[in-house]
Amino acid sequence: MKKIIALLLLIPAFAGLSGQSLKVDDKSYRWEGSLYAGLNTDGYEVDGGVSFFINRFVGVRCGVGVTGEIGSLSKLSIVFDYDDPILPGNDYDYYYNDHSSLTRMRFTPALVLRSPCLYEWREQDVQIYLFGEPGLVFSTPEHDSHRARWLNLMLRAGLNMQVDRWVFTIGYGITDYSLTSGLKQFKQPNHITHTGFIGAGYKF
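Residues numbered from 1 in each chain as written. Predicted model: local features only at pLDDT ≥ 70, side-chain atom pairs only at ≥ 80, totals over all residues. Heavy atoms only, no water.

Visitor: Help me understand the pattern of salt bridges, please; the structure alone is not making it clear to me.
Guide: A side chain with one charge may pair with a side chain of the opposite charge, provided their charged atoms come close. Across all of its chains, the model carries seven salt bridges by this definition. Of the charged contacts in the structure, one is a salt bridge between Asp47 and Arg61, with a shortest N-O distance of 2.8 Å. Residue Asp47 is located in strand 4 (residues 44–53), and its partner Arg61 is located in strand 5 (residues 58–68); the two are separated by 14 residues in the primary sequence. A salt bridge links Arg149 to Asp176, with the shortest nitrogen-to-oxygen separation between them at 3.3 Å. Of this pair, Arg149 sits in the loop between strand 10 (126–139) and strand 11 (151–163) while Asp176 sits in the loop between strand 12 (166–175) and strand 13 (193–203), and the two are 27 residues apart along the sequence. (Salt bridge = Lys/Arg side-chain N within 4 Å of Asp/Glu carboxyl O. Helix = DSSP H or I, 4+ residues; strand = E, 2+ residues; numbered from the N terminus.)

What follows is the structure, given as structure tokens:
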């Protein structure tokens, strides 16, 4: 993983003059808000963040998100109760069943690297390029965990398509972060989490 991060750090050194455009309609936009959503080997993850670009190839991003088991997305279940007098004439009553599942908050600062433009469709203001985001994961531990890891390495990489001020993303992520870190019933000292994700961003 360290070799991949080192390789991505060399992208700006070998980049040509053509890269991701920071100018749209003769205005420069160095800030970019983005939202990633994906499925990983632990469950799911959602991450929203803001990036600032120093130039066309290098920027920094700060993100905040949540990761959890798939079961935590569905906490509503229906219980049949024909004898409940509170709602006369209604055959069914609805109750919340609080399904207990793992969910953790994460803070994800990262370096943003973007390659020279791979393809440009000038008539439609479309550009396609590679990106890499080596960074860190700071996570909140579960309440019943013991010595959970709160700091991990992270790498995201993939393709970006810029359309005017919009940026659409598809990518792959890898990290040594584990949703179950610190929980006695899960012993995974060398756990690696793989993620496939999509995203969208807007320059401002």
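Visitor: Where do I start with the nonpolar core in this structure?
Guide: Within soluble globular proteins, side chains that are nonpolar generally end up buried alongside one another. Counting residues in each nonpolar core, the largest one holds seven residues, listed as Leu102, Ala110, Val137, Met154, Tyr177, Leu179 and Leu183. Ignoring anything within four residues of it in the chain, the contact list for Ala110 reads Gly59, Val60, Arg61, Glu133, Pro134, Gly135 and Met154. (Core = buried A, V, L, I, M, F, W, Y, C linked by side-chain atoms within 4.5 Å. Buried < 20%, exposed > 50% of the residue type's maximum accessible area, 1.4 Å probe, protein only. Contact = heavy atoms within 4.5 Å.)

Visitor: How do you make sense of the environment of Cys62 when you look at a structure like this?
Guide: Turning to its location among the elements, Cys62 is positioned in strand 5. Overall, Cys62 belongs to the partly exposed group, its relative accessible area being 46%. As for Cys62 and Gly33, which are separated by 29 residues in sequence, their C-alpha atoms are 9.8 Å apart.

Visitor: Before we go on, may I ask you to explain the side chain of Arg104 in this structure?
Guide: Here Arg104 is to be found in strand 8 (residues 103–114). Here Arg104 falls in the buried class, since its relative accessible area comes to 1%. A distance of 3.0 Å separates a polar atom in the side chain of Arg104 from a polar atom in the side chain of Ser139. (Polar contact = N/O pair within 3.5 Å; in protein donor to acceptor, adjacent residues only side chain to side chain.)

Visitor: Explanation requested: the pairing of strand 12 in the structure shown.
Guide: A regular strand places its side chains so that they alternate between the two faces of the sheet. Here strand 11 runs beside strand 12; their pairing, made up of ten bridges, is antiparallel. Opposite Leu159, over in strand 12, you have Ile170 as the bridge partner. Two successive antiparallel strands, strand 11 and strand 12, enclose a turn made up of two residues, where Asp164 displays a positive phi of approximately 60°. In terms of strand pairing, strand 12 meets strand 13 through ten bridges, oriented antiparallel. Bridge pairing in strand 13 links Gly171 to Phe197. (Pairing = 2+ DSSP bridges.)

As far as function goes, none of this settles anything; it's purely spatial.
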